[in-house]
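# Structural description and commentary
Next come the chains, spelled out residue by residue.
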Amino acid sequence: MVGVTKVARTKADLAEALGALKGTSALVMTMGALHEGHLALVRAAKKAADNVVVSIFVNPLQFGPGEDYEAYPRDLEADLAFLEAVGVQAVYAPEAEDVYPRDPLVRIDPGPMAAVLEGKTRPTHFAGVLQVVHKVLNLVRPDIAFFGQKDAQQLALIRTMAADLDMPVEIRAVPIERDVDGLALSSRNSYLSPTERIEALALNQALAVGADAAQRGLSPKEVRDVAERHLREAPGVKIDYLALVDPETFAAIDGQTFSAGGAEASPSDGSVTMQAGGAPSKHGRGLLAVAAWVGPTRLIDNMEVELRG
Ligand code: PAF
């Protein structure tokens, strides 16, 4: 056993556990069903701070009607054994009543960046994510919080919330962990049948085809189109979206027009302008982001591409 992990099931227990810690702290927020992707987050956190706090909470607010809140994999015992073996100082694993003693009256508005891509398909998702991230950051008050690049839009929104609300925390990203065959690790991969598991490789392959096209100097529109064509032709896969966006603002840079309501905020109100239409990335970097159904399972993936064309 590497370390003794204090497991807090309530805010009061958490406060007590945190009170016993000396030095800097890093937070890793999870919904449990821990895998190697979470391990990468915990490892990064351990390197960066004296203490690592992990939260395990399947947040009802970020699931829409008909989504997999009930079915979402839960195995607290296995998760705690996993974290005990890695060695973290504290785990906050509350019930929903502890996090939300009542339906919250004050809500975080994630703004226009939450209206596109994931937010277009899942309109209440990011409001729910930011609500719980804001709360757990307030409860733990870490110096640094780590989030995975796999949920790139979530990461960009959390960074934006921390900046816009002057939250005293540093947000750091951890690269996507992939299986040897390229499939991005996700707790939802456990839903895939053996055949679907193979079909799901098309997501990463389509992104790689797009990244290669970008390397060869193709235009942003062409980069997106070749990636989409690859995925459209893949058996067993139904595309939700495939887009080339600015990695920080999620504004489209592939000539697609986002039709999501609220995505066209006026620049005069200081919000992020999300109009699409082939605006060049100011970094020469783009993010190819995909969501697709493989059988009944919705998967997401993304890849940074270097734009030359
Ligand atoms: O990325 C996730 O697992 C969740 O969205 C998070 C950040 C733990 C909030 O519930």
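What counts, and at which threshold
Along each chain, the written sequence defines residue order, and numbers are assigned to residues from 1. For this predicted model, a pLDDT threshold of at least 70 governs which residues receive local features, and a threshold of 80 or more governs which side-chain atom pairs are given and counted, while totals over whole chains, interfaces and linings are taken from all residues. Side-chain calculation: all heavy atoms of the structure are included, whereas hydrogens and water are not. UniProt positions are given in the numbering used here, feature names are shortened, and annotations may be inferred rather than shown by experiment. We count a stretch as a helix when DSSP gives it H or I for four or more residues in a row; a strand needs E for two or more, and each element gets its number in order from the N terminus. The classification of residues rests on relative accessible area computed with a 1.4 Å probe and restricted to protein chains. Under 20% of the type maximum is buried, over 50% is exposed, and intermediate values are partly exposed. Any pair of residues with heavy atoms lying within 4.5 Å of one another is described as a contacting pair. Aromatic pairs are defined between Phe, Tyr and Trp rings, using the six-membered ring for Trp, whenever the two ring centres lie within 6.5 Å; interplanar angles under 30 degrees are classed as stacked, those over 60 as edge-to-face, and all others as tilted. Criterion for a charge above a ring: Arg CZ or Lys NZ at most 6 Å from the ring centre, at most 35 degrees from the ring normal. By the convention used here, strands pair only if DSSP detects at least 2 bridges between them. Only the stretch in contact is used when fitting a helix axis, every axis being a line fitted to C-alpha atoms; angles between N-to-C directions are given from 0 to 180 degrees. Orientation is classified from the angle alone, with under 35 degrees giving roughly parallel, over 145 giving roughly antiparallel, 65 to 115 giving roughly perpendicular, and any other angle giving oblique. Lys, Arg, Asp and Glu make up the charged group, whereas Ala, Val, Leu, Ile, Met, Phe, Trp, Tyr, Cys and Pro make up the nonpolar group; the residues left over, Gly among them, are polar. By nonpolar core we mean a set of buried residues, namely Ala, Val, Leu, Ile, Met, Phe, Trp, Tyr and Cys, connected to one another through side-chain atoms within 4.5 Å. Nearness of a residue to a molecule or strand requires only that one of the residue's heavy atoms be within 4 Å of it. Polar contact criterion, stated in full: a pair of N or O atoms within 3.5 Å, where within protein one must be able to donate a hydrogen and the other to accept it, and residues adjacent in sequence count only if both atoms are side-chain atoms. In this description, accessible areas are obtained by the Shrake-Rupley approach with a 1.4 Å probe, and a residue is regarded as covered only by the protein chains that are shown. The salt bridge definition used is simple: a Lys or Arg side-chain nitrogen within 4 Å of an Asp or Glu carboxyl oxygen.

In the nomenclature of an unreviewed UniProt entry, the protein is known as Pantothenate synthetase of Peptidiphaga gingivicola. Checking UniProt for the protein, the heading Sequence similarities (unreviewed entry) contains the comment "Belongs to the pantothenate synthetase family." According to its UniProt record, the protein has this under Subunit (unreviewed entry): "Homodimer."

## Here's the deal with the side chain of N204
Of note, N204 is situated in helix α9 (residues 201-215). Using a relative accessible area of 13% as the deciding quantity, one classes N204 as buried. Not counting residues up to four positions away in its chain, the partners in contact with N204 are R178, D181, G182, D301 and M303.

## Digging into the packing of aromatic side chains
Under the counting rule described, the total for this entry stands at three aromatic pairs. For the pair F63 and Y72, a centre-to-centre distance of 5.9 Å together with 75° between the ring planes defines the contact as edge-to-face. Assigned by exposure class, F63 and Y72 land together as buried. Here the aromatic residues F63, Y69 and Y72 are joined through ring pairs into a cluster of three or more. The ring of Y69 carries the charged tip of R74 above its face, separated from the ring centre by 4.9 Å.

## A short note on the environment of D75
Tracing the sequence through the fold places D75 in the loop between β3 (51-56) and α3 (76-86). In this structure, the C-alpha to C-alpha distance between D75 and L34, residues 41 residues apart in sequence, is 8.7 Å.

## As for the sheet that holds strand β8 (residues 285-294)
Spatial strand order, β7-β8-β9: three strands in an open sheet with antiparallel pairing. Of all the strands in the sheet, the pair left with one neighbour each is β7 (237-245) and β9 (297-306). Between one strand axis and the next, the sheet turns by 15° as a mean value, whatever way the strands run. Where β7 meets β8, eight bridges bridge the pair, whose relative direction is antiparallel. Bridge pairing in β8 links L242 to V290. Of the strands in this sheet, β7 and β8 touch helix α10 (residues 220-232), which is tilted by about 165° from β7.

## Brief notes about the packing of helix α1 (residues 11-19) against helix α6 (residues 125-140)
Where α1 meets α6, the closest approach of the two axes is 10 Å, and the angle between their N-to-C directions is 45°. For the element pair α1 / α6, the angle class is oblique. For the pair α1 and α6, contact is made by K11, L14 and L18 and by K135, L139 and V140, respectively. Across the contact of α1 with α6, the residue classes break down as four nonpolar, no polar and two charged.

## Description of the nonpolar core
Generally speaking, a soluble globular protein has its nonpolar side chains buried in company with each other. Ranked by internal contacts, the top residues of the largest apolar core, which has 46 residues, are L27, L117, V132, V133, F147, I171 and F250. Of all elements in the fold, only α1, β2 (25-30), β4 (90-92), α6, β5 (144-148), α7 (152-164), β7 and β8 reach the threshold of two or more residues within this core. No other element matches α6, which puts eight residues into this core. In terms of nonpolar packing, the next biggest core, distinct from the first, is built from 29 residues, L203, A213, L231 and M303 among them.

## Points about the site of the ligand
What surrounds the ligand is the set M29, T30, M31, N59, Q62, V132, F147, D151 and Q154. Within the side chain of Q62, a nitrogen or oxygen atom sits 2.6 Å from an oxygen atom of the ligand. A distance of 2.7 Å is found between an oxygen atom of the ligand and a side-chain nitrogen or oxygen belonging to Q154. When the free accessible area of the ligand is taken as 290 Å², the share hidden by the protein chains comes to 89%. Its residues placed into classes, the shell around the ligand shows four nonpolar, four polar and one charged.

## Notes on the side chain of E118
Positionally, E118 belongs in helix α5 (residues 118-121). By relative accessible area, E118 is classed as buried at 6%. With residues near it in sequence (within four places) discarded, E118 still touches F126, Q153, Y241, A291, R298 and I300.

## Brief notes about the pattern of salt bridges
Taken as a whole and judged by the stated rule, the model has 17 salt bridges. Here R188 and D68 are joined by a salt bridge, their closest N and O atoms 2.8 Å apart. In this pair, R188 is assigned in the loop between β6 (170-174) and α8 (194-199) and D68 in the loop between β3 and α3, connecting sequence segments 120 residues apart.

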